[in-house]
Amino acid sequence: MTFFSVRRHAGRRAVLAGLVVLGTVAAGGAAYAADRPIKPPRPVAGQHAGTAGLKTFATQVAQARMAPYGSVAPGEYSEALADLRGLRGTVSPWFEVTDQPYDADDPNYRDPFFSNSGGGWGNVAGRVTGLDAGRGYMWAGGANGGIFRKSLTSRNAQWKPISERILALSTGDLVYDDRADTLWYATGEANTGGTTYTGAGVYRLRNPRSAGFTDADRVGGDELESRSINQLKFDGRGLVYAATTRGLWRHSTDPKRHREPWQLVLMPNPASDGDVTKPYDNIVNDVLIPPAERGATVLANAAWRSGAAYNGFYLSTTGGAPGSFTKQPLTGEVNNADVGNAEFAVSGDGRRFTMVLEQPSTVGVASNLQGVFVAGAVLGPWTKIADSTELENSGSAIGVDQSYPVGIQAWYNNFIEVDPARPDHIYVGLEEVYETEDGGATWKTIGPYWNFGFDCFDPAQPDGGCPPTTHPDQHSIAVDGSTVFIGNDGGVYTRPVDPARSSENTAGHATDWANHNAGLRTLQYYSAGTGRDPDRRGVLVAGGLQDNGGSLLRPGARKQVSPFGGDGGDIIVNPRNGCQILNEYTFLVLWLTKNCGVSQGQPGSIFDVTVPDVNARFTAPFRVVRGSKNVGDGSSERWVAGGNTFWRHDYGFSYTAAQAAAEDDNGWKPQYTLDTTGQRLIVGMDGVADPAAPADPAKDTYIASWCGQSNCNSAGFTRGVATNWGGAWTELDLTGLPNRFPNNVVFDPYDRTNSTIYLIFNGFNRRFIDGPGAGVKHVYRGKLSRTATGVSVAWTDLSVGFPDVPATDVVVAGNKLVVGTDLGVLVADRRATPGTIKWRRVGPRPGETPLSLPLTTAFDLHVSADGFLYAATHGRGIWKTPLALL
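Residues numbered from 1 in each chain as written. Predicted model: local features only at pLDDT ≥ 70, side-chain atom pairs only at ≥ 80, totals over all residues. Heavy atoms only, no water.

Chemist: Requested: an account of the overall build of the protein chain, with residues and values cited.
Modeler: Of regular secondary structure, the protein chain possesses 6 helices and 57 strands. Across the 886 residues of the protein chain, 65% fall into the buried class. The contacts of the protein chain with a sequence gap of at least 6 include a subset with a gap of at least 24, amounting to 59%. Summed over all atoms, the accessible surface of the protein chain reaches about 28100 Å², with 50% contributed by carbon and sulfur. (Helix = DSSP H or I, 4+ residues; strand = E, 2+ residues; numbered from the N terminus. Buried < 20%, exposed > 50% of the residue type's maximum accessible area, 1.4 Å probe, protein only. Contact = heavy atoms within 4.5 Å. Areas by Shrake-Rupley, 256 points an atom, 1.4 Å probe, with all protein chains shown as cover.)

Structural data, given as structure tokens:
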């Protein structure tokens, strides 16, 4: 989740003033800035736009797959996987690159303005959205990384993936049934209304302590495909309920009825489920089932985070049968006119119910936490035992005075759980982890957002001076025996559950968190880059990640480090000097280092070179101009970046902090603006220098693919490709091409005239998206030519034999055309025609060997000078394969 990295949000000039003051610190002395430049994201345009501090990336990635409308029909991933498995594979083995621990707190990468080192998170992993434990094991589900298992009793136990062979690695919920020794896996992350990746249903695994999931473990048919699952709840009489983004469903837990279809029991707006323009009309968030009533009473919360007429609570008193649910208000202190996402928990004795509730009216404006509530009956009366102010005053690291109040993301990160042995002992997860031991009379922030600003914080200390804490943004919780397990945007943390055995400092912050993230390989990369390490022999690897900044793996290192804080988006690494890195936070907020971000607390290792665009995407593209020389020292390429405008930077890595301080535009020069409203956004781009004049930016050739209007996903959807090929900017004719998301476009590097281009489309075909002109293809070659009136393009469809799976990136490597997809990497001969092209899967089938690429999204492809193709996956880290074997 996007997290801010400041305690106050200063404007750029104020930040620079702070830098001047900090420049007076004695040489070698550590500094900590009270005003740091990392800010919550700006709003994005459109009907379903994210607002400052919201998780816009999840929505925008969903849009790429669902444009021109908001949802897809069941069956798309199953069919795509069947097609993929039918392809021949290459002999190229895949090697996992980022399998070392990722240390977010390394004291040697502690720039006080741009790094989060010292915050107290320790080793981090990717977002964990499902978590449970039992019989000496724990299981963690990555947001798009699948299920990992680890022994809690073996001294040197390691995390092991156990879901490599099944369709979906996106996790919605995870429940271990100790009595049956069965692990239930609900796929499809549902933390937002526009979730990142949908799922393929629910899987049930017997003996999960040693076994792994297979396709045969899927419960029912494809009824729950393309639906994300918030929660699984069991009624105690043989039924399991799945609260999904498209209705409430149930199924028998009897293994003999494993193949029976799921039964739909509640759909607040049935007509909308068949209308792909209305994807947010049937979201069910959680279910409350009183244990004493053995399934007779079922209460469901259905709500869209931003508010809708159907938001509220739905009650069945006749066993949850279809048609038995009616909308009912809760009594007590709940505001039924402002009901959003709710999560429930039940005390161990079954007599007390708890709830954490979001309120849509303040989404994007203030805290959207309506409160934490407790009741003795499902309809109430419900008593409020905490609100945003009370939790902020319990030792929180965030607050209203920082423009980041507790519960600002209550629609996205929320959990509640009750200690099974102590009904007054309650845990609540929002941005932080909170605990009460007396039923809500008093609260403690046992897992603060970070340690910056606390009295104990000392950047000169290797550990930052404070006790370790949990990573921000909480998603999952489990209690097993004497331990509470927490899953969040940084992985898995545990501590003793018994208050008599746990410990806190005087501020109420826990001092006994255990970190379990080493080896939990669920990192969610957007990008990867490589370059020669100037200080060590070999190639370093850097990447931008969701939730966990920018990572750096240096040659021979036993761990990764994090020079850049916040989120991390796209990235450029100088191949000649890998310590020169341009990293994106969000929305083209770019940060530049020339020394790998090395700092022991002194400022100056990183400086800001943000692009002054009016409306860039959350992870907006920027690239080197291939074959160019910068106008500074000529030792590296120039850059281009794309938001609503196509931008050029002539200095590249020769740019200095002094230049940035003197220039409001940080050296960026506008080349072409897509529209005057700011609603069209560049999503893919390329740039090539004139070989005869590599230092002359006026002779560069550029191209960009874009999406537009209504946030790139609605009835107003449009898309295009713009280029200055031929001398003037031209919008290319896309007649006959899919009306879907044009994820990337590149020039063929072997065509010296730059007249050959490759364009890929995200999303699925018209069978699954009923939007007009959705199309059935994914890969095209374009041939540009001059005409009397400008530039024309002739398109050739290269999608013959290409599985119907969203395409994410395209690169040319020798005579190979390589395409990243939601289910891996494909390759074909770039010179092929529609009649001769043969697409092949790169590497062995997923799950067959350790040298297989996991069945997850290859978000970014990078052709490296070391002879490898790197794939940045959004859930399983960075992998590489030899270019010579493609």
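Next, the rest of the story.
Chemist: Would you mind going over the sheet that holds strand β10 (residues 218-219) in detail, with residue names and values included?
Modeler: Across the sheet, which stays open at both edges, the 4 strands sit in the order β7-β8-β9-β10 with antiparallel pairing between neighbours. The two strands at the open ends of the sheet, each matched to only one other strand, are β7 (171-177) and β10. Bridge count between β7 and strand β8 (residues 182-187): 6 bridges; the pairing is antiparallel. Directly across from Leu174, in β8, lies its bridge partner Tyr185. (Pairing = 2+ DSSP bridges.)

Chemist: Can you tell me about the side chain of Ser367, naming the residues and giving the values?
Modeler: One can find Ser367 in the loop between β20 (353-358) and β21 (369-375). Among the residues examined, Ser367 registers a relative accessible area of 10% and is labelled buried. Side-chain polar atoms of Ser367 contact the backbone nitrogen of Leu369, separated by 3.2 Å. In contact with Ser367, not counting residues within four places along its chain, are Gln359, Thr362, Ser388, Pro405, Val406, Gly407 and Ile408. (Polar contact = N/O pair within 3.5 Å; in protein donor to acceptor, adjacent residues only side chain to side chain.)

Chemist: Would you mind going over the pattern of salt bridges in detail, with residue names and values included?
Modeler: If you walk through the whole model with that rule in mind, you get 37 salt bridges. Glu164 is paired through a salt bridge with Arg876; the nearest N and O atoms lie 2.6 Å apart. Pair noted here: Glu164 is in the loop between β6 (160-161) and β7 and Arg876 is in the loop between β56 (868-873) and β57 (878-882), with a separation of 712 residues, a long-range link. Arg876 matches Glu164 in its accessibility class, with the two residues each being buried. Asp512 is the salt-bridge partner of Arg495, the closest N and O atoms lying 2.8 Å from each other. (Salt bridge = Lys/Arg side-chain N within 4 Å of Asp/Glu carboxyl O.)

Chemist: Please provide a residue-by-residue account of the state of the cysteines, values included.
Modeler: Under the criterion given, the structure shown has 2 disulfides. Residue Cys456 pairs covalently with Cys466 via a disulfide, S to S 1.9 Å. The sign of the 105° torsion about the S-S bond sets the Cys456-Cys466 disulfide as right-handed. Remark: Cys466 occurs in the loop between β26 (444-447) and β27 (474-480) and Cys456 occurs in the loop between β26 and β27; sequence separation between them is 10 residues. (Disulfide = S-S within 2.5 Å.)

Chemist: Which residues make up the environment of Phe485, and what values do they have?
Modeler: If you trace the backbone, Phe485 turns up in strand β28 (residues 483-488). Among the residues examined, Phe485 registers a relative accessible area of 2% and is labelled buried. On a C-alpha basis, the gap between Phe485 and Ala514 in space is 9.6 Å, while along the polypeptide they are 29 residues apart. With sequence-adjacent residues up to four places away left out, Phe485 is seen in contact with Leu131, Ala133, Met138, Leu152, Ser476, Ile477, Ala478, Asp480, Tyr493 and Thr494.

Chemist: Any chance you could break down the side chain of Ser324 for me, citing the residues and the numbers?
Modeler: Tracing the chain through its elements places Ser324 in the loop between β17 (312-316) and β18 (326-328). For Ser324, the side chain forms a polar contact with the main-chain oxygen of Ala321, separated by 2.5 Å.

Chemist: Kindly report on the packing of aromatic side chains, identifying the contributing residues and their values.
Modeler: Counting across every chain of the model gives 28 aromatic pairs. When the ring of Tyr404 is compared with that of Tyr449, the centres are 5.9 Å apart and the planes differ by 75°; the resulting orientation is edge-to-face. Note that Tyr404 is positioned in the loop between α5 (388-392) and β23 (415-418) and Tyr449 in the loop between β26 and β27, a separation of 45 residues in sequence. Under the relative-accessibility criterion, Tyr404 is labelled buried at 1%. The class of Tyr449 is buried, set by a relative accessible area of 0%. Judged by centre distance (5.6 Å) and plane angle (50°), the ring pair of Trp411 and Tyr412 falls under tilted. Each member of the pair, Trp411 together with Tyr412, is buried. (Phe/Tyr/Trp six-rings, centres within 6.5 Å; stacked < 30°, edge-to-face > 60°.)

Chemist: Go over the sheet that holds strand β3 (residues 128-134), please, and point to the residues and values.
Modeler: Taken in spatial order, the 4 strands line up as β3-β4-β5-β6 in an open sheet, and their pairing is antiparallel. In the strand order of this sheet, the two ends are held by β3 and β6, each with one partner. The pairing of β3 with strand β4 (residues 137-142) spans 6 bridges and is antiparallel. Bridge pairing in β4 places Gly130 opposite Gly141.

Chemist: Can you lay out the confidence of the model for the protein chain for me, pointing to particular residues and giving the numbers?
Modeler: Low pLDDT marks stretches whose predicted atomic positions should not be read closely. Overall, the prediction assigns the protein chain a mean pLDDT of 89, with 88% of residues at 70 or greater. Counted against residues more than four places away or in other chains, residues 1-58, with its pLDDT under 50, gives 176 contacts. For the stretch residues 765-773, pLDDT sits under 50, and the model shows 33 contacts to residues farther than four places along the chain or on other chains. (pLDDT = per-residue confidence, 0-100.)

Chemist: So, the nonpolar core: which residues are in play, and what are the values?
Modeler: Core analysis: the biggest nonpolar cluster contains 53 residues, and Val372, Leu391, Val428, Leu430, Trp443 and Ile878 have the highest contact counts within it. With near-sequence residues (within four places) excluded, Leu391 lies in contact with Leu369, Ala386, Ser396, Val406, Leu430, Tyr434, Trp443 and Thr445. Ranked by size, the runner-up nonpolar core spans 37 residues in total, among them Tyr185, Val810, Leu823 and Ala828. (Core = buried A, V, L, I, M, F, W, Y, C linked by side-chain atoms within 4.5 Å.)

Chemist: Before we move on, could you go through unusual backbone geometry and cite the residues and values that matter?
Modeler: Between Gly380 and Pro381 the backbone carries a cis peptide bond, its omega angle lying at 15°. As for its placement among the helices and strands, Pro381 is situated in the loop between β21 and β22 (383-386). Residue Phe587 is not a glycine yet carries a positive backbone phi of 50°. Note that Phe587 resides in the loop between β36 (581-584) and β37 (590-593).

Chemist: Go over the environment of Gly120, please, and point to the residues and values.
Modeler: With respect to the secondary-structure elements, Gly120 resides in the loop between β2 (102-103) and β3. Judged by relative accessible area, Gly120 falls into the buried class, the value being 6%. Gly120 sits 345 residues away from Gly465 along the chain, and the two C-alpha atoms are 8.8 Å apart. Ignoring any residue separated from it by four or fewer positions in sequence, one finds Gly120 in contact with Asp105, Asn451, Pro468 and Thr469.

Chemist: With reference to specific residues and values, describe the environment of Tyr310.
Modeler: In this fold, Tyr310 is placed in the loop between β16 (298-302) and β17. Judged by its relative accessible area of 5%, Tyr310 is buried. As for Tyr310 and Asp281, which are separated by 29 residues in sequence, their C-alpha atoms are 7.5 Å apart.

Chemist: Pulling in residues and values, what's your account of the pairing of strand β33 (residues 550-553)?
Modeler: Neither face of β33 is open: one carries Gly550 and Leu552, the other Ser551 and Leu553, and all of them are buried. Of the strand pairs in this sheet, strand β32 (residues 539-545) and β33 are connected by 4 bridges, and their pairing is antiparallel. Bridge pairing links Ala542 to Leu552 in β33. With antiparallel pairing between neighbouring strands as the criterion, β32 and β33 make up a hairpin whose turn holds 4 residues, including Asp547 at a positive phi of roughly 75°. Two strands pair when backbone bridges link them, and β33 and strand β34 (residues 560-564) are joined in this way by 2 bridges, in the antiparallel orientation. Residue Gly550 lies in a different strand from β34, and its bridge partner there is Phe564. What sits between β33 and β34 in their antiparallel hairpin is a turn of 6 residues, with Gly556 showing a positive phi close to 80°.

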